[in-house]
Amino acid sequence: MSRISLPKEPRRFQMYIGGEFTDGASGDTTTRHSPAHGTAVAQWPSGSAADAQRAIAAARRAFDAGPWPHLSAGERATVLFKVADLIEQCAAEFGLIESLETGKPITQAIGEIKGAVDVWRFAAGAARVVKGDAHNNLGDRVIAMVLREPVGVVGLITPWNFPFFILAERLPFILAAGCTVVVKPSEATSGTTLKLCELLHEAGLPAGVVNVVTGRGSVVGQCLLDSDQVDMVSVTGSIATGRKAIAASAGSIKKLGLELGGKNPHIVFADANLDEAADGVAFGMAFNAGQCCVGGSRLVVERSIAAEFTEKLAGKMRRIRVGDPLDEQTQVGALFDEAHMEKVLSYVDDGVRMGARIVCGGARTDDQNGYFVQPTLMTDVRPEMPLVREEIFGPVLAVVPFDTFDEALEIANDSVFGLSASIWTQDLTKALRAMRKVQAGRVWINTTLDNGPETPLGGVKQSGLGREAGLAGIEEYTELKTAHINLHPRVHWIS
Ligand code: NAD
């Protein structure tokens, strides 16, 4: 039984453009049904190209005329700290919206909102540390300064898997840099982004600094990419969307930040603490129902312990509590929607057809009201199988054995992706050697999915371009301007 009851009718949200709440030009709406219950839980405008253009114009005005980019970093930080306080006061409400729209467990959703508060506070404080440079070593004649300036109007396109946390890893950093922004959240999970607008308004953020336009990527997102009034677009999403963003931005040659997919390995050496590694691997593959860009989806395990470890891991995975996200005991909720669930299960079925073996899971759970899939472990896979190569974005883990250190790293790096990797061994030297060789933007040793606003995140290879969070996460939204200043009478070129 759910401890929190489902809403009787969907919660209605409006878009936020130029400091005003609006239903948009067309009046059309999108309704989101909870993927765990089937109930309609939220409704927001289906934004049009006209709404996107209005939001871009508002952001442009707010950047060009100010005052936001011209405030001191301290003044900007004061507003951002206030927003963080307001989010904190509403954490339970935000958590419920997030859980209902995404299908993730309520306890996890509230945890993500509280984590987001911490990220907003980091970005607020870090605003004051951003600085340029001075070059006093160019000889007597000149001195040079390097100014760090906000990049301008940013388009921010976000996905459905961590709608509010991913927003927090970008939006306060963009604002700390002094930019203005048009946010385009996922059309399926826009609630918490729209709710945030009420708090931005209350905190006194000047009109036009943040605008939110809901709607389809191919309409609203495309406008942001096409517009010559937008200076930079940050896209977090699939590799396919990343490719479209690169193509679309060619017209205006704008700066792009891309945080894309992953096919992340857990490398487990025979000398690892196998109980801890099994727990970590199970957590890393099943967290957020496997819909986590940095979640581990390949288990690269030393052959001498592969059978023992696989059995231990399957034992853990069978005990993961999958079910109603509103039950506080639930560890893993529903997948995003029916089509996505079918896609995840088709990877399993195709794998079996190609000779792979299901050790545990492999199907929906007994609760067929929602899109719940059992944590699934598969062995006897071959390197060319889609199960091993493609981002499934569900709770499915493929096991690939190795014999030597070099082979482990070769398998781990045999992917177009390079987002994250987890290494499990008690030999520190081996761990550090593996850390150096593995191709990934984030590496964990004897842990997985650890995170914090201080450290930058992003991918190598086709997992993305640029970095979010940390000081790098503010610098990402700046440009450098170099100035040379002559200190002596000019030696004339024309006598
Ligand atoms: P998606 O690519 O389908 O959508 C992401 C966003 O892009 C949405 O807001 C969508 O509307 C928009 N979009 C889609 N087509 C567009 C277009 N032509 N022009 C402009 N915008 C467009 O991704 P998703 O299904 O929402 O999220 C899952 C994906 O995101 C996975 O691949 C996952 O790995 C990735 N992801 C990456 C990170 C990271 O930090 N690297 C974090 C979370 C999710």
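Definitions and limits used
Going along each chain's sequence as written, the residues are numbered from 1 onward. The predicted origin of the model limits local features to residues at a pLDDT of at least 70 and limits the giving and counting of side-chain atom pairs to 80 or more, whereas totals for whole chains, interfaces and linings rest on all residues. With hydrogens and water excluded, all non-hydrogen atoms of the structure serve as input to the side-chain values. Numbered from the N terminus, helices here are DSSP runs of H or I no shorter than four residues, and strands are runs of E no shorter than two. The globule rule used here is 2.2 Å times the number of residues to the 0.38 power, and the radius of gyration it is set against is calculated over C-alpha atoms. Summary of the burial criterion: residues with accessible area below 20% of their type's maximum are buried, those above 50% are exposed, and those between are partly exposed, where the area comes from a 1.4 Å probe applied to protein chains only. Here, residues are in contact when the closest pair of their heavy atoms is within 4.5 Å. Accessible surface area values rest on a Shrake-Rupley calculation with a 1.4 Å probe, where residue burial reflects the displayed protein chains alone. Charge counting treats Lys and Arg as positive and Asp and Glu as negative, with His and both chain ends excluded. Where a charge sits is defined by one atom per residue type, namely NZ (Lys), CZ (Arg), CG (Asp) or CD (Glu). Residue proximity to a molecule or strand is established when one non-hydrogen atom of the residue lies within 4 Å of it. As used in this structure description, the phrase polar contact means that two N or O atoms lie within 3.5 Å; if the pair is within protein, one of them must be able to donate a hydrogen and the other to accept it, and residues adjacent in sequence are counted only when both atoms belong to side chains. UniProt positions are given in the numbering used here, feature names are shortened, and annotations may be inferred rather than shown by experiment. Angles here are taken between N-to-C directions and fall from 0 to 180 degrees, while the axes themselves are lines fitted to C-alpha atoms, restricted in helices to the stretch in contact. In this scheme the crossing of two helices becomes right-handed for a clockwise turn of the near helix relative to the far one and left-handed for an anticlockwise turn of less than a right angle. Any residue that is not Ala, Val, Leu, Ile, Met, Phe, Trp, Tyr, Cys, Pro, Asp, Glu, Lys or Arg is counted as polar, Gly included; the first ten are nonpolar and the last four charged. One less than the number of residues in a helix, times 1.5 Å, gives the span that helix is expected to have. Within this analysis, the arc is defined by the directions that extend from the helix axis to the C-beta atoms. By definition here, a salt bridge exists when the distance from a side-chain nitrogen of Lys or Arg to a carboxyl oxygen of Asp or Glu is within 4 Å.

J.: Now, about the overall build of the protein chain: what can you tell me, with residues and values included?
T.: Scanning the protein chain for helices and strands turns up 16 helices and 21 strands. Whereas a compact globule of 495 residues would reach a radius of gyration of roughly 23 Å, the protein chain reaches 24 Å, a difference of no more than 12%. The principal-axis extents of the C-alpha atoms in the protein chain amount to approximately 80 × 60 × 40 Å. Put simply, the protein chain has 495 residues, and 55% of those count as buried. Of the contacts made within the protein chain by residues no fewer than 6 positions apart, 73% connect residues no fewer than 24 positions apart. For the protein chain, the exposed surface amounts to about 20500 Å²; the carbon and sulfur share of it is 51%. The distance from the centre of the 48 positive side-chain charges to the centre of the 58 negative ones in the protein chain is 3 Å.

J.: A description of the site of the ligand should follow, citing residues and the corresponding values.
T.: Lining the immediate surroundings of the ligand are 27 residues, of which Trp160, Lys184, Glu187, Thr241 and Glu391 lie closest. Taking Thr158, its main chain carries an N or O atom lying 2.7 Å from an oxygen atom of the ligand. The contact in question runs from an oxygen atom of the ligand to an N or O atom on the side chain of Glu391, over 2.6 Å. Coverage of the ligand by the protein amounts to 90% of the 850 Å² it exposes when considered alone.

J.: Talk me through the UniProt feature "active site" (unreviewed entry) in the protein chain; I want residue IDs and the actual numbers.
T.: Per the UniProt record, "active site" (unreviewed entry) is found at Glu259. For Glu259, the position within the fold is in strand 12 (residues 255-259). Among residues more than four places away in sequence, those in contact with Glu259 are Arg170, Val235, Thr236, Gly237, Leu457, Gly458, Gly459, Ser463, Gly466, Arg467 and Glu468.

J.: Go over the packing of helix 14 (residues 405-413) against helix 15 (residues 428-437) with me, naming the residues and quoting the values.
T.: Where helix 14 contacts helix 15, the two axes come as close as 10 Å, and the packing angle between them is 35 degrees. For the pair helix 14 and helix 15, the sense of crossing is right-handed. From helix 14, Phe405, Asp406, Leu409 and Asn413 reach across to helix 15, where they touch Lys430, Arg433, Ala434 and Lys437. Looking at the contact of helix 14 with helix 15 residue by residue, the classes come out as three nonpolar, one polar and four charged.

J.: Any details on helix 12 (residues 338-353)? Residues and values, ideally.
T.: Compared with the 22 Å implied by 1.5 Å per residue over 16 residues, the 22 Å span of helix 12 between its first and last C-alpha is a close match. Those residues of helix 12 that fall on the buried side of the exposure criterion are His340, Met341, Val344, Leu345, Tyr347, Val348 and Gly351. When helix 12 is viewed along its axis, its buried side chains cluster within an angular range of 135 degrees and face the same direction. Looking at helix 12, the residues exposed on the side facing more than 90 degrees away from the buried face are Ala339 and Arg353. On its buried side, helix 12 packs onto strand 15 (357-360), strand 16 (376-379), helix 13 (386-389) and strand 17 (396-402). One side-chain oxygen of the residue at the start of helix 12 lies 3.3 Å from the amide nitrogen of Ala339, identifying that residue as Asp337. One or two steps after helix 12, the chain reaches Gly355, where phi turns positive at roughly 110 degrees.

J.: Mind laying out the pattern of salt bridges, listing which residues take part and the relevant values?
T.: All chains considered together, the criterion is met by 23 salt bridges. Put simply, Asp403 and Arg303 hold a salt bridge, and the shortest N to O gap is 3.1 Å. Separated by 100 residues along the polypeptide, Asp403 in the loop between strand 17 and helix 14 and Arg303 in helix 11 (residues 303-318) bring together distant segments of the chain. With relative accessibility at 45%, the residue Asp403 sits in the partly exposed group. The salt bridge partner of Glu384 is Arg382, with a shortest N-O separation of 2.8 Å. Each of the salt bridges in this network shares a partner with another, and the network as a whole consists of Arg11, Glu93, Lys195 and Glu198.

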